[in-house]
Amino acid sequence: MYDFDWSSVPNALPFLWDGMKISLEITVSAVLFGIVWGTLLALMRLSSVRFLSWFAAGYVNLFRAVPLVMVLLWFFLIVPHLLESIFGFPRGTDMRLSSAIAGFALFEAAYYSEIIRAGIQSVPKGQMAAASALGMTYGQAMRLVVLPQAFRNMVPLLLTQGIILFQDTSLVYVSALADFFGAAYKVGDRDGRLVELLLFAGAVYFVICFTASRIVRHYQSKLRTA
Amino acid sequence: MITMNKVSKHYGAFQVLSDCTTQVHKGEVIVVCGPSGSGKSTLIKCVNGLEPFQSGEIIVNGVSVGDPKTDLSKLRSTVGMVFQNFELFPHMSIIDNLAIAQIKVLHRGQEQAHEKGFKLLDRVGLRAQAQKYPGQLSGGQQQRVAIARALAMDPICMLFDEPTSALDPEMVNEVLDVMTELAQEGMTMMCVTHEMGFAKRVASRVIFMDQGRIVEDDSKEAFFERARSERAQQFLAKILHH
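Residues numbered from 1 in each chain as written. Chains lettered and ligands numbered in written order. Predicted model: local features only at pLDDT ≥ 70, side-chain atom pairs only at ≥ 80, totals over all residues. Heavy atoms only, no water.

Visitor: Quick one: what's the story with the overall build of chain A, residue by residue and with numbers?
Guide: Within chain A, the secondary structure is distributed over 9 helices and 0 strands. Listing every helix and strand of chain A by position from the N terminus yields α-α-α-α-α-α-α-α-α. In terms of overall dimensions, chain A has a C-alpha envelope of 70 × 50 × 25 Å along the principal axes. In chain A, buried positions account for 44% of the 226 residues. (Helix = DSSP H or I, 4+ residues; strand = E, 2+ residues; numbered from the N terminus. Buried < 20%, exposed > 50% of the residue type's maximum accessible area, 1.4 Å probe, protein only.)

This is the structure in structure tokens:
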């Protein structure tokens with residue numbers, strides 16, 4: 001029988017907390033950027049300008065057809081060199097965090113844009129007609145009338161996607177970035193207590209994600225009765 | 001005020017409107033009727049450019065609707081429109097529904113827009129509902145709010161697209177009363193409706209459409225007493241004898 005020894009967990013807590021901060025930072029920035037870029041992609045996809053809708057469709061299909069971990073590796077391996085040569089950063093600047101955030105954001109935007117596109121299409125066409133009939137421009141009608149209703153319907157889905165994104169941040173371990181999962185792995189590896197640390201990390205992920213999805217569920221049922 | 005000259009529209013091979021020609025003068029109330037699918041809703045949606053058309057021209061207050069150089073948003077802000085399904089903005093309170101376009105399109109101040117909104121709500125008898133949301137109102141109330149919302153823009157004319165078709169029978173009259181009052185005040189109106197009682201009361205002219213064509217365009221007396229086309233006679237026989 002395996003002999004559990006949890007003693008290295010308490011000492012590692014400050015280090016793990018630093019990792020958690022990185023995980024949360026990636027999640028929050030990728031969600032925010034993903035929603036903004038995803039909204040723009042959705043509007044392009046629905047646009048009557050051929051080139052824009054083709055571009056958006058191509059973008060979404062590309063990112064949805066490749067594994068996330070591969071996108072992260074591209075960004076880890078290629079983008080820093082690119083930035084170094086474009087902006088003349090000194091060689092070896094640590095850009096793992098920013099390239100991880102960029103990778104997640106661009107990848108998630110593809111998923112967000114599909115959620116948002118469905119949300120926009122869920123708003124009855126007459127709303128756009130009514131806003132236009134009052135003299136609003138396309139942009140005003142979208143911003144003031146269609147998008148607020150679309151987002152209201154979409155909040156649960158957007159949050160759920162955010163929870164998935166939080167779990168997926170563990171994939172940044174491929175760039176040796178010490179996010180929460182990476183930090184747990186490092187400590188476990190150092191102390192020879194990998195099983196305990198990974199079980200602990202798993203429990204933390206579970207508590208956070210389960211709680212968050214219960215909150216989303218609660219919000220969803222409130223939305224339905226409203 | 002509104003001139004249509006040989007307006008035609010088709011979706012692929014399907015002809016929705018063929019050579020529709022008519023005029024609406026200032027202060028006139030035109031009732032547009034006809035069997036479903038005859039193109040009457042499409043026709044009035046062409047007036048404010050909500051539906052594009054392929055040939056012919058529509059001039060509203062001196063501005064050509066089909067001209068690509070026309071600022072359609074600006075034109076629409078001067079033409080009020082009321083829809084079959086009300087289309088109030090469900091995420092805004094009633095007073096905000098009335099104020100939003102005044103503020104964002106006409107650049108009125110919030111206070112002025114609200115004042116105007118309250119005045120119009122008074123007029124349609126719904127001042128007490130100002131802070132509620134559209135979902136809390138009955139269909140008839142929502143349609144009256146929609147009329148007030150259009151009036152808040154001080155339109156030069158009003159378009160009604162089957163404003164009572166989605167209403168329960170007991171709510172039809174409250175909406176027709178508001179429209180009748182508006183007509184009697186001299187508002188230029190174009191109404192797609194099956195309410196022949198309304199047509200008899202206030203219409204200056206009746207347009208009857210069938211298969212995308214304007215078949216009759218005559219004074220209401222002439223239309224109801226001696227409709228010339230067989231199609232219009234059949235239509236009247238069907239809807240008047242119930």
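Visitor: Before we move on, can you summarise the overall build of chain B with the specific residues and values?
Guide: Counting its regular elements, chain B contains 9 helices and 10 strands. Taken over the C-alpha trace, chain B has a radius of gyration of 18 Å; the compact-globule value for 242 residues is 18 Å, and the two agree within 12%. Each principal axis of the C-alpha atoms in chain B carries an extent, and together these give about 55 × 45 × 30 Å. Counting all 242 residues of chain B, 56% fall into the buried class. Within chain B, residue pairs in contact and separated by at least 24 positions form 65% of the contacts whose partners lie at least 6 positions apart. Just so you have it, chain B exposes about 10700 Å², and 47% of that area is on carbon and sulfur atoms. Where the 26 positive side-chain charges of chain B centre and where its 28 negative ones centre are 3 Å apart. (Rg over C-alpha atoms; globule rule 2.2 N^0.38 Å. Contact = heavy atoms within 4.5 Å. Areas by Shrake-Rupley, 256 points an atom, 1.4 Å probe, with all protein chains shown as cover. Lys, Arg positive; Asp, Glu negative; His and termini not counted. Charge placed at Lys NZ, Arg CZ, Asp CG, Glu CD.)

Visitor: I'd like a description of a nonpolar patch on the surface, backed by residues and values.
Guide: Residues and elements named next belong to chain A. A surface patch of nonpolar side chains, about 780 Å² in accessible area, is lined by M70, L73, W74, L77, I78, L82, I86 and F87. Secondary-structure elements contributing two or more residues to the nonpolar patch are α3 (68-77) and α4 (79-87). Here M70 is to be found in helix α3. (Patch = residues over 30% accessible without salt bridge, like charges linked within 9 Å, V, L, I, M, F, W, Y side chains within 5 Å. Salt bridge = Lys/Arg side-chain N within 4 Å of Asp/Glu carboxyl O.)

Visitor: Give me the lowdown on helix α6 (residues 169-184) of chain B, citing residues and values where you can.
Guide: Residues and elements named next belong to chain B. Relative to the 22 Å expected for 16 residues at 1.5 Å per residue, α6 spans 23 Å between its end C-alpha atoms, a close match to the ideal helical length. The set of residues buried in α6 consists of M171, V172, V175, L176, V178, M179, T180, L182 and A183. Looking at the buried residues of α6, the elements they touch are β3 (29-33), α4 (110-123), α5 (139-151), β7 (157-161), β8 (189-192) and α7 (196-202). Looking one or two residues past α6, G186 carries a phi angle of roughly 95 degrees, positive in sign. (Expected span 1.5 Å × (residues − 1).)

Visitor: Any details on empty space enclosed by the protein? Residues and values, ideally.
Guide: By the definition in use, this model includes 3 cavities of 30 Å³ or more. Considering only enclosed or pocket space, the largest cavity measures out at about 50 Å³ in volume. Around the largest cavity sit L72(A), F75(A), F76(A), R96(A), S99(A), A100(A), V172(A), V174(A) and S175(A), which together line it. For the lining of the largest cavity, the secondary-structure elements that each account for two or more residues are α3 and α5 (96-121) of chain A. A class-by-class count of the residues in the lining of the largest cavity yields 6 nonpolar, 2 polar and 1 charged. Within this model, the second largest cavity holds a volume of roughly 40 Å³. Around the second largest cavity sit A133(A), L134(A), R76(B), S77(B), T78(B), V79(B), G80(B), M81(B), A150(B), M153(B) and P155(B), which together line it. If one sorts the elements of the lining of the second largest cavity by residue count, strand β6 (residues 79-82) of chain B sits on top with 3 residues. Residues that form the lining of the second largest cavity fall into these classes: 7 nonpolar, 3 polar and 1 charged. (1 Å grid on protein atoms, 1.4 Å probe; cavity = no way out; pocket = protein on both sides within 12 Å on 5 of 7 lines; lining within 4 Å. Points joined across faces, edges and corners; volume = space filled by probe spheres on them. Nonpolar A, V, L, I, M, F, W, Y, C, P; charged D, E, K, R; others polar.)

Visitor: Before we move on, could you go through the packing of aromatic side chains and cite the residues and values that matter?
Guide: Residue and element names in this part refer to chain A. According to the stated counting rule, one finds 13 aromatic pairs over all chains in the structure shown. Ring geometry for F4 against W6: centres 5.6 Å apart, planes inclined by 10 degrees, an arrangement best described as stacked. Classification of W6 by relative accessible area gives partly exposed; the value is 40%. Judged by centre distance (5.5 Å) and plane angle (35 degrees), the rings of F107 and Y111 are tilted. (Phe/Tyr/Trp six-rings, centres within 6.5 Å; stacked < 30°, edge-to-face > 60°.)

Visitor: Tell me about the nonpolar core, residues and numbers included.
Guide: Counting 79 residues, the largest nonpolar core has M136(A), I58(B), F89(B) and M190(B) as its most contacted members. For this core, the element with the highest residue contribution is α5(A), accounting for 11 residues. Leaving out residues up to four positions away in the same chain, M190(B) has contacts with I2(B), M4(B), V24(B), I30(B), V32(B), L43(B), I44(B), V47(B), M158(B), L159(B) and F160(B). Listed in part, the 49 residues of the second largest apolar core include V29(B), L151(B), M158(B) and V175(B). (Core = buried A, V, L, I, M, F, W, Y, C linked by side-chain atoms within 4.5 Å.)

Visitor: Please provide a residue-by-residue account of the pattern of salt bridges, values included.
Guide: Residues and elements named next belong to chain A. Tallied over the full model, the rule gives 20 salt bridges over all chains. A salt bridge links R193 to E196, with the nearest nitrogen and oxygen atoms 3.2 Å apart. For E196, a relative accessible area of 0% corresponds to the buried category. Linked through salt bridges whose partners overlap, the residues forming this network are R45, R64, E114 and R117.

Visitor: An account of the interface of chain B and chain A is needed here, citing residue identities and associated values.
Guide: Taken together, the contacts link 20 residues of chain B with 16 residues of chain A. Buried area between chain B and chain A, both sides added, is near 1500 Å², and the carbon and sulfur share of it is 69%. On the chain B side of the interface with chain A, the three residues burying the most area are E87(B), F89(B) and H91(B), jointly 32% of the side's total. Between chain B and chain A we count 0 salt bridges in total. At the junction of chain B with chain A, the criterion picks out 4 residue pairs in polar contact (both at pLDDT 80 or more). At the level of secondary structure, the elements contributing two or more residues to the side of chain B that touches chain A comprise α2 (72-76), β6 and α3 (94-104) of chain B. (Buried area = accessible area lost by both parts, 1.4 Å probe. Polar contact = N/O pair within 3.5 Å; in protein donor to acceptor, adjacent residues only side chain to side chain.)

Visitor: With reference to specific residues and values, describe the layout of surface pockets.
Guide: Residue and element names in this part refer to chain A. Roughly 280 Å³ of internal volume is contained in the largest pocket. Lining the largest pocket are L46, I120, Q121, V123, P124, K125, M128, Y138, M142 and V146. Secondary structure elements with two or more residues in the lining of the largest pocket: α5, α6 (125-133) and α7 (138-168). For the lining of the largest pocket, the leading source of residues is α7, giving 3 residues.

Visitor: So, the state of the cysteines: which residues are in play, and what are the values?
Guide: All names here are of chain B. Tallying each qualifying case throughout the model produces 0 disulfides over all chains. Here C157 stays free of any disulfide, with the sulfur of C191 as its closest cysteine sulfur at 11 Å. By relative accessible area, C191 is classed as buried at 0%. (Disulfide = S-S within 2.5 Å.)

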